[in-house]
Amino acid sequence: MSKNGPPSSAPAPSATPALAEHLAATLRRLRAERGWSLDRAAGETGVSKAMLGQIERAESSPTVATLWRIASGFHTPLSAFIDAPVRHEEAAFRSAAALRDRPASDPMWVAPLFPYDAHLGFELLELTLAPGYERHSEPHLAGVVEHVIVIRGTLEVLIEGRWHPLKEGDAVRFAADRPHGYRNLGDAPAVCHNLICYTGVAAPQPAPAG
């Protein structure tokens, strides 16, 4: 997968071809495993049949919000659409600089430091928010818990209808099964680690056999 660094000023293009193809192949695989038609997938995710078809053909870069709707509809972790799992049985060394890419049309870069592991129940992402970026997220599945740790710059997190400013070294944990959001009001990129836990009914289940 080809990698990009975060922006210094101007936005970069959408997902690299390798990442777009990984997303397309993952969506096709998930549909095939469940025996879902595009109509069924659209009904489960709330994403239009036309948009799902474009994503499967690597013709469109969805927004982060659309990726989350697809992940929730398939009961699949977000990182499944960004990178393959990393084995947990042995030491794994990962580089954010090597992994950083732009998986959606939003001006936000993601480095999947540790994609979701069913044995551990979480995924760890590095997020880079471009200056002026703001995202309002719909509620995720009940049991999804997010941890945000700012490692560079400043950003704000929307929790329970209120924006909370966070500076370098600050951290917050919150239930993500309700509306929330992120924004960077500064003039430089803001970087944070996002640890997402999938607990209870949110824990991804294997696709039905057969």
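Definitions and cut-offs
Residues numbered from 1 in each chain as written. Predicted model: local features only at pLDDT ≥ 70, side-chain atom pairs only at ≥ 80, totals over all residues. Heavy atoms only, no water. Phe/Tyr/Trp six-rings, centres within 6.5 Å; stacked < 30°, edge-to-face > 60°. Helix = DSSP H or I, 4+ residues; strand = E, 2+ residues; numbered from the N terminus. Buried < 20%, exposed > 50% of the residue type's maximum accessible area, 1.4 Å probe, protein only. Lys NZ or Arg CZ within 6 Å of the ring centre and 35° of its normal. UniProt positions renumbered as here; feature names shortened; annotations may be inferred. Axes fitted to C-alpha atoms, helices over the stretch in contact; angles between N-to-C directions. Parallel < 35°, antiparallel > 145°, perpendicular 65-115°, else oblique. Left-handed = near helix turned anticlockwise from the far one by under 90°. Contact = heavy atoms within 4.5 Å. Nonpolar A, V, L, I, M, F, W, Y, C, P; charged D, E, K, R; others polar. Core = buried A, V, L, I, M, F, W, Y, C linked by side-chain atoms within 4.5 Å. Salt bridge = Lys/Arg side-chain N within 4 Å of Asp/Glu carboxyl O. Pairing = 2+ DSSP bridges.

In the nomenclature of an unreviewed UniProt entry, the chain is known as XRE family transcriptional regulator of Aromatoleum evansii.

1. Considerations on the packing of aromatic side chains
For the structure on display, the rule yields two aromatic pairs. Seen in terms of ring centroids, Y116 and Y198 are 5.3 Å apart; in terms of plane orientation they differ by 80°. Their pairing is edge-to-face. Within this pair, whereas Y116 is found in strand β1 (residues 108-117), its partner Y198 is found in strand β9 (residues 190-198), the two being separated by 82 residues in sequence. By relative accessible area, Y116 is classed as buried at 11%. Across the ring face of W109, the terminal group of R102 is positioned such that the distance to the ring centre comes to 5.2 Å. Against the face of W163 rests R183, its NZ or CZ located 4.1 Å from the ring centre.

2. A few points about the UniProt feature "domain: HTH cro/C1-type" (unreviewed entry) in the chain
Listed under "domain: HTH cro/C1-type" (unreviewed entry) in the UniProt record, and renumbered for this structure, are residues 27-81. For residues 27-81, the end-to-end C-alpha separation is 8 Å, with 62% helix and 0% strand making up the annotated structure.

3. Brief notes about the packing of helix α2 (residues 38-45) against helix α3 (residues 49-56)
Two quantities define a packed helix pair, namely the angle between the axes and the distance from one axis to the other. Between α2 and α3, whose axes approach to 9 Å, the crossing angle comes to 110°. On the basis of the axis angle, α2 is roughly perpendicular to α3. Judged by the twist between their axes, the crossing of α2 over α3 is right-handed. For the pair formed by α2 and α3, the contact residues are L38, D39, A41, A42 and T45 on the first element and K49, L52, G53 and E56 on the second. Classifying every residue of the contact of α2 with α3 by side-chain character gives four nonpolar, two polar and three charged.

4. Observations concerning the nonpolar core
Looking at soluble globular proteins, one finds that nonpolar side chains tend to be buried together. With 42 residues, the main nonpolar core has I70, V157 and Y198 as its most contacted residues. Of the residues forming this core, the biggest block, five residues, is contributed by helix α4 (residues 64-73). Setting aside its immediate chain neighbours within four residues, V157 contacts V148, R162, W163, H164, L166, V172, F174, G181 and Y182. Of all hydrophobic cores here, the second largest spans five residues; its members include A96, L99, A111 and L113.

5. Focus: the environment of P112
Relative to the elements of secondary structure, P112 occurs in strand β1. For P112, a relative accessible area of 2% gives the class buried. With 28 residues separating them along the chain, P112 and A84 place their C-alpha atoms 9.2 Å apart. Setting aside chain neighbours within four positions, we find P112 in contact with I82, D83, R94, L99, L124 and L125.

6. With respect to the pattern of salt bridges
Summed over the entire model, instances satisfying the criterion amount to 15 salt bridges. Between E33 and R34 there is a salt bridge, and its shortest N-O distance comes to 3.6 Å. Overall, R34 belongs to the buried group, its relative accessible area being 16%. Three or more residues are tied together by salt bridges with common partners; here these are R29, E33 and R34.

7. Some thoughts on the sheet that holds strand β7 (residues 171-175)
Spatially, β1-β2-β9-β4-β7 is the arrangement adopted by the five strands of the open sheet, whose pairing is antiparallel. Every interior strand has two partners, whereas the edge strands, β1 and β7, have only one. Across this sheet, the average inter-strand angle for adjacent strands is 15°, counted without regard to direction. Both β1 and strand β2 (residues 122-129) contribute to a ladder of six bridges, which runs antiparallel. The residue bridging M108 from the neighbouring strand is L129, located in β2.

8. What about the environment of I55?
With respect to the helices and strands, I55 occurs in helix α3. For the pair I55 and E21, spaced 34 residues apart in the sequence, the C-alpha separation amounts to 8.8 Å. Residues in contact with I55, not counting those within four places in the same chain, are L23, A24, L27, S60, P62 and I70.

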